[in-house]
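# Understanding the architecture of this molecule
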Amino acid sequence: MGRHDAIAAAERALELSGSDPARARAAAHAVLRSAATAGEAAAIAHRALAVAARELGDLPLAEEHLHRAVSIALSAGLPRRAAQARLSLVHVSAELGRPRQALAVAEAAEPHLSPVEVAKLGVHRAVALVRLGRYAEAADHCDRAVGLLGDDTRFLAGAMLNRGLARVFLGEFDTAEADLTRCAELAAEAGLDHVLVLAEGNLPFLAARRGDLPAAFSAYRRAESSLFGYPERLAAMRCDLAEALIAAHLPGEARTLLDLAVPELAAAGAEVALAEARLLLARAELRAGDPHRAGQSARRAAADLAAQGRTALVPLATEILLRARLALGPPDGGLLAGMLSCADALGGAGHREVSAALRLTAAETALRIGDRESARDQLTRLTRLTRLGPGTVSRHATALLRELAGDRRGAFAAVRAGLAEAGAKAAGVGDPAVRAHAVRTGEPLAGFGLALALRTGRARTLLAWAERWRSVVGGAARPVAPGVDELRAALGDAVLVEFARHDDELVAVAVTPERVLLRRLGSFTAAAEATVRLRYGLRRAHLRDGRRPGVAGEASLLERLLFGPLLGRLGDRPLVVVPTGALHTLPWPVLPMNTGRQVSVASGAAAWLAGRRARTTRNGRVVAVTGPGLRCAEAEADMVGDLHPGTERVAALRPAVIAALERAEVAHLAAHGTFCPRSPLLSGIDLDDGRLMAYDLLRLRTPPRLVVLSACEAGMAHAPADGAPLGLAGTFLSLGTQCVVASLVPVRDEETLTLMTVFHELLATGHSPAEALATASVKTEVAGFVCFGYGGPPVDPPTATDGTEPVAR
């Protein structure tokens, strides 16, 4: 092979490297084995090997070949060939987590490149700029490149891909979708399968950032199929979607994806992406409430990032590790010093918001260990960080400083202002899961407000502050609470008991016809653990799994823990319960005091009032749906039809069920139910064409007034914040359904049919849902079903309120 032939063969290998990296690698190695290969041909061949290695996911090998290509070209006096190798090195360096170095390489290459090659360089520069958060610059480079690339399909597709990603981060979702779609079209036409995979793999990321989570998961399922056979690309797509889900405040869903992606990246030897994935996983685990696992993942991520020289990311892993330590044990001076050091490192690396949040946590830690001087210094520093603008961190710092100065009124004002800002940001978010997690930045501030209210010892003050936070979580733009007089008037003879917690202390506020009471109840953990034991016992009892466990004993214990100081005030009155945290999973009617009592469980006092005001706008249409695999489902639907003449039987297909729910006043769904505690909006019921998930319900505009979920655990919920019980029942209520009747435990088919028959007989004769369920549960001795929302009879809404504040929906 002569010199010119060797150069031509190396150029052909380079052309193949993007579309057929395996063939390109073989061709490049053949060039290097040729005795005639030297200088220019060798530089080109190493560049071809580098591009092939990049496409196959081996970035360190790609970097090695490109450095050899640059060295060979410079030794041979070929500055343009060296610049071309550097052009490719820009992308590789950016993907290796060194975007600033990538931009320096681009600066060195540009003077020796042609205008078209400068355009290609711009496409690679965009990768580095996106990693640095300079999204507008990235889009500009791609804009300029598109006009110069002509019919170079490979780089045109790359420009569309990179510009699409930049526009996603800029929030320009329509143009981003157009770019990604065009990228996929170009890649398909040119046979660039790997680019096609990247374009399609970024559609879930786009949908998640747009806030369309049902579309994100649909796109993910499609992309998952198309990425079969590309394990590293599949893992990268999962990481991208997980990052978007964390940004959307959905750590449970993100963790599920990352639990799959991390071992895939480890198996592929993708060390750079693996370190980033472990960092993401640590963040998801911490936000999902698993500090032990978060600390382990953060420790590994920090070690990997340090070994790779990615010093700007190491403080992010350290911050997670410190927060995990704080969650797992009592703080001390060493932990405080570590927090302050990490806050400085975060600020120096450009992570200013993370730095400020950690500095606030450090100030609170200083107060916990009695170091008021350090706390005051850090809080003063935070209030002076005007470049961060107003926000919950600066408001919280202000509130703490005012409390330290003895100005409680001023502290309350700062808390309220911070909650208003959190509420304003989340008010337009329709997805209850995204909204609940989005406002969690305000949760520490809300907790401080609750602690201040608790110190006053006044029941009305505590109720107001608990309700203000629940209103923000529920989507109110302002932190408002219902007036006690209005609440009493709506309750009539009933009693409302709202639970709240500060750290591990559980408290209750009871609104009775006579007075408003505040009672300290003891350990929240004790009540939560008893709730788990009770549900386990009920589960075994219903499934007849071995000896009947001590359900009665656990129910009596919970009654003492939750209502002991209040029993004398309740009598046999109807009860409205507003739980907190894990108490959302308690089947309240099984407590001995609630036998035969009308019990409704609401996400907040204001939410219960809103349900009470809801007016029926349909003509009593009842629909019944039966899912597959239940012995008594058809009999149950027949029973509903017999008791409610004109009942519409709906095919168990997701489109048909969604359409029926839009036009029904009462919906009865008998099917297998599944609750996903990590990802509660993936919970659902099984239909003939797959699972109807809580996410699917978000498309409903006019949900039924009453929904009966005759499905195991369909009433289960995970509450990331008080006021947002996430799950199937909670989703219906968040959309405007007045009442949901559902089970919190598995119930046998025959027992469910027996209970539902009595329930619907009473419902058909004019009893309210709460009254019908209470009576049916006593008559049939079937326990586990709960009435959620407003379970009383419909009432006409008042023309005006007499409360001290407007009521938040």
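## Re the overall build of the protein chain
For the protein chain, the count of helices and strands is 37 helices and 14 strands. Over its C-alpha atoms the protein chain spans a radius of gyration of 30 Å, differing by no more than 12% from the 28 Å that the globule rule assigns to 809 residues. With respect to the three principal axes, the spread of C-alpha positions in the protein chain is 100 × 65 × 55 Å. By residue count, 56% of the 809 residues in the protein chain fall in the buried class.

## Points about the sheet that holds strand 9 (residues 673-674)
Sheets are built from strands paired through backbone hydrogen bonds, the pairs being either parallel or antiparallel. Reading across the sheet, the 3 strands line up as 9-10-11 and stay open at both edges, with antiparallel pairing between neighbours. The sheet terminates laterally at strand 9 and strand 11 (690-693), the two strands that pair on one side only. Alignment of strand 10 (residues 684-687) against strand 11, held across 4 bridges, turns out to be antiparallel. Bridge pairing links Gly-684 to Met-693 in strand 11. Contacts between helix 33 (residues 654-663) and the sheet are confined to strand 10 and strand 11, with strand 11 contributing the most and set at about 30 degrees to the helix.

## Regarding the environment of Gly-150
Mapped onto the elements, Gly-150 comes out in the loop between helix 8 (135-146) and helix 9 (153-170). You can call Gly-150 exposed: its relative accessible area is 54%.

## Some points on the packing of aromatic side chains
Counted under the stated rule, the structure contains 7 aromatic pairs. Among the aromatic residues, those joined into a ring-pair cluster are Tyr-135, Phe-169 and Phe-205. In this arrangement the basic side chain of Arg-468 is found over the ring face of Trp-465, its NZ or CZ atom lying 4.5 Å from the centre. Between the NZ or CZ atom of Arg-501 and the centre of the ring of Phe-524, over which it lies, the distance is 4.7 Å.

## A look at the pattern of salt bridges
Going through the model one piece at a time under the given rule, you end up with 44 salt bridges. Linking Arg-23 and Asp-20 is a salt bridge whose minimum nitrogen-to-oxygen distance equals 3.8 Å. A salt bridge links Arg-395 to Glu-421, with the shortest nitrogen-to-oxygen separation between them at 2.6 Å. Taken together, the positions of Arg-395 in helix 22 (residues 392-404) and Glu-421 in helix 23 (residues 408-426) put the pair 26 residues apart, joining distant regions of the chain. Overall, Glu-421 belongs to the buried group, its relative accessible area being 18%. Within this structure, Asp-143, Arg-163, Arg-167, Glu-172 and Asp-179 form a network of salt bridges that share partners.

## Things to note about the pairing of strand 4 (residues 575-578)
Judged by which residues are buried, strand 4 turns out to be covered on both faces: Leu-575 and Val-577 on one side and Val-576 and Val-578 on the other are all buried. Sheet analysis places strand 1 (residues 495-502) next to strand 4, joined by 4 bridges and oriented parallel. Among the inter-strand pairings, Val-495 is bridged to a residue of strand 4, identified as Leu-575. Note: strand 4 against strand 5 (residues 599-601), 3 bridges, orientation parallel. From the neighbouring strand, Leu-575 faces strand 5, where its bridge partner is Val-599.

What counts as what
Residues numbered from 1 in each chain as written. Predicted model: local features only at pLDDT ≥ 70, side-chain atom pairs only at ≥ 80, totals over all residues. Heavy atoms only, no water. Helix = DSSP H or I, 4+ residues; strand = E, 2+ residues; numbered from the N terminus. Rg over C-alpha atoms; globule rule 2.2 N^0.38 Å. Buried < 20%, exposed > 50% of the residue type's maximum accessible area, 1.4 Å probe, protein only. Pairing = 2+ DSSP bridges. Contact = heavy atoms within 4.5 Å. Axes fitted to C-alpha atoms, helices over the stretch in contact; angles between N-to-C directions. Phe/Tyr/Trp six-rings, centres within 6.5 Å; stacked < 30°, edge-to-face > 60°. Lys NZ or Arg CZ within 6 Å of the ring centre and 35° of its normal. Salt bridge = Lys/Arg side-chain N within 4 Å of Asp/Glu carboxyl O.

In short, geometric facts, not functional conclusions.
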